[in-house]
Amino acid sequence: MKTLTKAETVRFLLDHDHYCILSHRRPDGDTVGSTAALCLGLRQLGKTAHVLQNNEVTPKFRWLHQGLTKPEAEPGDTLVSVDVASPGMLPEAFSHLLGSIDLRIDHHGSATSFTDLELVEPDSASCAEIVWDLLKGMGVTPDRPLAEAVYVGTSTDTGCFRYSNTTAHSFETAAACAEAGAGIFELNQTLFETNTLGRLRIQGWMVEHIRLLREGTLAVCAIPRSVERELGVTEDDMDNISSFPRTLEGVKMAATLRETEDGAKLSVRAVPGWDAARVAARFGGGGHKGAAGATLKLPLPQAAQAVEEAMLEL
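### A few points about the overall build of the chain
Here comes step 1: When its secondary structure is counted, the chain shows 11 helices and 13 strands.
Here comes step 2: A compact globule built from 314 residues should have a C-alpha radius of gyration of about 20 Å, and the chain, at 19 Å, falls within 12% of that.
Here comes step 3: Seen through its principal axes, the chain has C-alpha atoms that stretch 55 × 40 × 35 Å.
Here comes step 4: Buried positions account for 52% of the 314 residues belonging to the chain.
Here comes step 5: The long-range fraction of contacts in the chain, counting pairs at least 24 apart against all pairs at least 6 apart in sequence, stands at 64%.
Here comes step 6: In the form shown here, the chain has an accessible surface area of approximately 14,100 Å², with 50% of it arising from carbon and sulfur atoms.
Here comes step 7: The centroid of the 29 positive side-chain charges in the chain is displaced by 3 Å from the centroid of its 42 negative side-chain charges.

### Re the packing of aromatic side chains
The geometry of an aromatic ring pair is captured by two quantities: the separation of the ring centres and the angle between the planes.
Here comes step 1: Scanning the entire structure with this criterion turns up two aromatic pairs.
Here comes step 2: Measuring from ring centre to ring centre gives 6.0 Å for Tyr-151 and Phe-161, while their planes differ by 50 degrees; the resulting arrangement is tilted. Of the two residues, Tyr-151 is situated in helix α5 (residues 144–157) and Phe-161 in the loop between α5 and α6 (168–179); the sequence distance between them amounts to 10 residues.
Here comes step 3: For Tyr-151, a relative accessible area of 3% puts it in the buried group.

### Things to note about the pattern of salt bridges
Here comes step 1: Summed over all chains, the structure comprises 15 salt bridges.
Here comes step 2: Note that Lys-6 and Glu-121 form a salt bridge whose closest N and O atoms lie 3.2 Å from each other. Here the residue Lys-6 occupies a position in helix α1 (residues 6–15), and Glu-121 occupies one in the loop between β7 (117–120) and α4 (127–137), the gap between them amounting to 115 residues.
Here comes step 3: For Lys-6, a relative accessible area of 26% gives the class partly exposed.
Here comes step 4: A residue is classified by how much of its surface remains accessible, and Glu-121, at 22% relative accessible area, is partly exposed.
Here comes step 5: Here Arg-144 makes a salt bridge to Glu-148, at a shortest N to O gap of 2.8 Å. Note that Arg-144 and Glu-148 are positioned in helix α5 at a spacing of four residues, about one turn of the helix.
Here comes step 6: Several salt bridges share partner residues, and in doing so they unite Lys-6, Glu-121, Asp-133 and Lys-136 into one network.

### Points about the pairing of β7
Here comes step 1: Across two bridges, the pairing between strand β1 (residues 2–3) and β7 is parallel. Its bridge partner lying in β7, Lys-2 is registered against Leu-117.
Here comes step 2: One ladder, built from four bridges, connects strand β6 (residues 103–106) with β7; its direction is parallel. Within the sheet, the bridge partner assigned to Asp-106 lies in β7 and is Val-120.

### Some words on unusual backbone geometry
Here comes step 1: Positive phi values are uncommon outside glycine, yet Arg-26 reaches one of about 45 degrees.
Here comes step 2: Taking relative accessible area as the criterion, Arg-26 reaches 32% and is therefore assigned partly exposed.
Here comes step 3: For Phe-161, which is not a glycine, the phi torsion comes out positive at approximately 70 degrees.

How each quantity is defined
Residues numbered from 1 in each chain as written. Predicted model: local features only at pLDDT ≥ 70, side-chain atom pairs only at ≥ 80, totals over all residues. Heavy atoms only, no water. Helix = DSSP H or I, 4+ residues; strand = E, 2+ residues; numbered from the N terminus. Rg over C-alpha atoms; globule rule 2.2 N^0.38 Å. Buried < 20%, exposed > 50% of the residue type's maximum accessible area, 1.4 Å probe, protein only. Contact = heavy atoms within 4.5 Å. Areas by Shrake-Rupley, 256 points an atom, 1.4 Å probe, with all protein chains shown as cover. Lys, Arg positive; Asp, Glu negative; His and termini not counted. Charge placed at Lys NZ, Arg CZ, Asp CG, Glu CD. Phe/Tyr/Trp six-rings, centres within 6.5 Å; stacked < 30°, edge-to-face > 60°. Salt bridge = Lys/Arg side-chain N within 4 Å of Asp/Glu carboxyl O. Pairing = 2+ DSSP bridges.

In short, the description is geometric, and any link to function would need to be established separately.
Here it is as C-alpha cells:
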C-alpha cells in the first residue's frame, strides 16, 4: 500500500480513464456528494466516469447521483472508492470488487487500508473537501451541480459547520461552493431545517428510552427494528439520528444502536476531549474522535450492554 499526496493523486486521476466510483454502505451526504462531485469533475475533463449504483442511497441524497450511475463495474474500469474507511463499509453488492479497487480517497484516520494506492487526510472534516481540492488541482471549473454536491458533503459531515471537526478549510470550501452557484439556503433548509413526522416520532421515542450513565455525561440508546416499523420511519428519517442523544445537556458522549438482521449498528458521537473512535475500536470499528461506528454481531440487548461497559471503562 502506498500513500499518495494530493499532487500524486491529481496525476493519477489525469493519467487514467474509464472511472467507476464507489460509495459506502448506508450512504450519507459526504459519500454521495463526494462521489457525485468527482464524477462530474472527471466528466468535465473529458473522462468517462460513472458512480457505481448504490441501492442503499435514500431519496434525501439520490438526486445527487441522477444521470451519473451505472449498474455494474466493467472490465478495464479504474475503480476509486470515496469516503470508504474499511472493506466492511462497502455495500455487499460491491464486495466482489475487493482486490481490484485502484485508489481509495478518504478522511478517516481510524481506517483499514484495502487498496494499493490511497489518499487519506484525517485532518479533513469531510471527504468532499479533499475531492474539491483534487478537482481544483486538475483544473476543473465548478458549476452549480458540482458545487452543490461538494457543499452537501462538507455541510453534512460538519453538522452544518457546528461539529468540532469543522476547520477554516471547511468554511473556505463552502464559500467557494456558494461562489460557484450552490443554492446554500435551499440546501440548508432541506438538510437541516426540515423534519419529517417520522423523525419527530423516533426522536420522541428516544427521549423516553435514553439511558444516562456516569452522572449524565454518557448516553446510550438502543432502537429495536420493531420500533422503527411501528413508527413507520424511513432511512431518511433515521439519517444522522445518532447525533440526537448527544444534544442532551451534559452529555459528552452518546452511543446509538440500531438493530439489524444479524446484530446491531453502533454509532458514537462525542465532544472534544472525548474519543468516540476508542469505543468503536472495541468492536472492530473506527472513525474519528468526534464520530465513529461499528457493527456488533450480538442481539440488541447484549450489544447495548457491551457498549455501556466499554464507555464506562474509558
